[in-house]
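Take a look at the letters that make up each chain.
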Amino acid sequence: MDDFTEFLHTLRVWDLPELPQFDPDSAPDAPLPLFREWLRSAAAAGQPEPHTMTLATVDAEGCPDVRTLMLHGADERGWHFASHSGSAKGRQLAERPAAALGFYWAAQARQVRVRGPVTAVPSAEGQADLHGRSTGALAAALTGRMSEVLGSLGELERASAAAWERAQAEPEAPVPSWTRYVLDPVEVEFFQGDARRRHVRLRYRRTKGRSWGRELLWP
């Protein structure tokens, strides 16, 4: 066994005085209310950035890709996020419009997994969402060229400075490539960790009538 593997074996998970209980029989009929409850609970428990998530997509060759980004909303339409349409994720979603999301809240040993097709919302809604956020968010969007090869950090510094100047001068500056996406869930799984590894997993699955069925999964 090498030193790194030995180091990994020293790391503990969920080294907490107490983990929350999850009774799946008391879960609501649809996943959205439970997701909102769990995210708020994670924030109250001190979980840093509970609204961040992993987004998994597939490229044109069928190879998976994953990254961490921010949740922009969760409503009856689905789970919302945003990016440039020309970014790697934007191009992948244009080619294969389906994705998976993953939330992990170590403060409560909880995970949520979401899968489903993805569509872009109308441009006006995406622009309104962008302009309702911080100056820094607008500056980052104005910098653009996400996922393109960068020649040097100096080039980034100059582009970022110009973008910040414009964002401060024009808080409503349009960013045509900025796109808000919504994932319409067909499956949502809630995972409550247990110190003795008796994890509780509840999966919601969408039926043909767009109602929800529920089932427990072995950990």
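Note that the structure is predicted; figures quoted are calculated from it, not measured.

(A) The arrangement of the overall build of the protein in detail. Assigned secondary structure in the protein consists of six helices and 10 strands. In the protein, which comprises 219 residues, the proportion classed as buried is 38%. Considering only intrachain contacts with a sequence separation of at least 6, the fraction spanning at least 24 residues in the protein is 65%. Summing over all exposed atoms, the protein offers an accessible surface of approximately 12,900 Å²; the carbon and sulfur share of this is 54%. Averaged over its 26 positive side-chain charges, the protein has a centre that lies 5 Å from the centre of its 29 negative ones.

(B) Layout of unusual backbone geometry. Even without a glycine there, the phi angle at glutamate 49 is positive, about 45°. Looking at the element boundaries, glutamate 49 is found in the loop between α2 (31–44) and β1 (52–58). One non-glycine residue, alanine 109, lies in positive phi territory at about 55°.

(C) Focus on the nonpolar core. In terms of nonpolar packing, the biggest core is built from 30 residues, with Phe35, Trp79, Phe103, Val112 and Phe190 touching the most fellow members. At the level of elements, α2, β1, β4 (78–84), β5 (98–105), β6 (110–120), β7 (178–183), β8 (187–192) and β9 (200–206) are the ones that each hand at least two residues to this core. By residue number, the principal contributor to this core is α2, which donates six residues. In this view, phenylalanine 103 contacts Phe35, Pro50, Thr52, Met53, Leu71, Trp79, Arg110, Gln111 and Val112; residues no more than four positions away in its chain are not counted. Ranked by size, the runner-up nonpolar core spans 11 residues in total, among them Leu138, Ala139, Leu142 and Ala167.

Parameters at a glance
Residues numbered from 1 in each chain as written. Predicted model: local features only at pLDDT ≥ 70, side-chain atom pairs only at ≥ 80, totals over all residues. Heavy atoms only, no water. Helix = DSSP H or I, 4+ residues; strand = E, 2+ residues; numbered from the N terminus. Buried < 20%, exposed > 50% of the residue type's maximum accessible area, 1.4 Å probe, protein only. Contact = heavy atoms within 4.5 Å. Areas by Shrake-Rupley, 256 points an atom, 1.4 Å probe, with all protein chains shown as cover. Lys, Arg positive; Asp, Glu negative; His and termini not counted. Charge placed at Lys NZ, Arg CZ, Asp CG, Glu CD. Core = buried A, V, L, I, M, F, W, Y, C linked by side-chain atoms within 4.5 Å.

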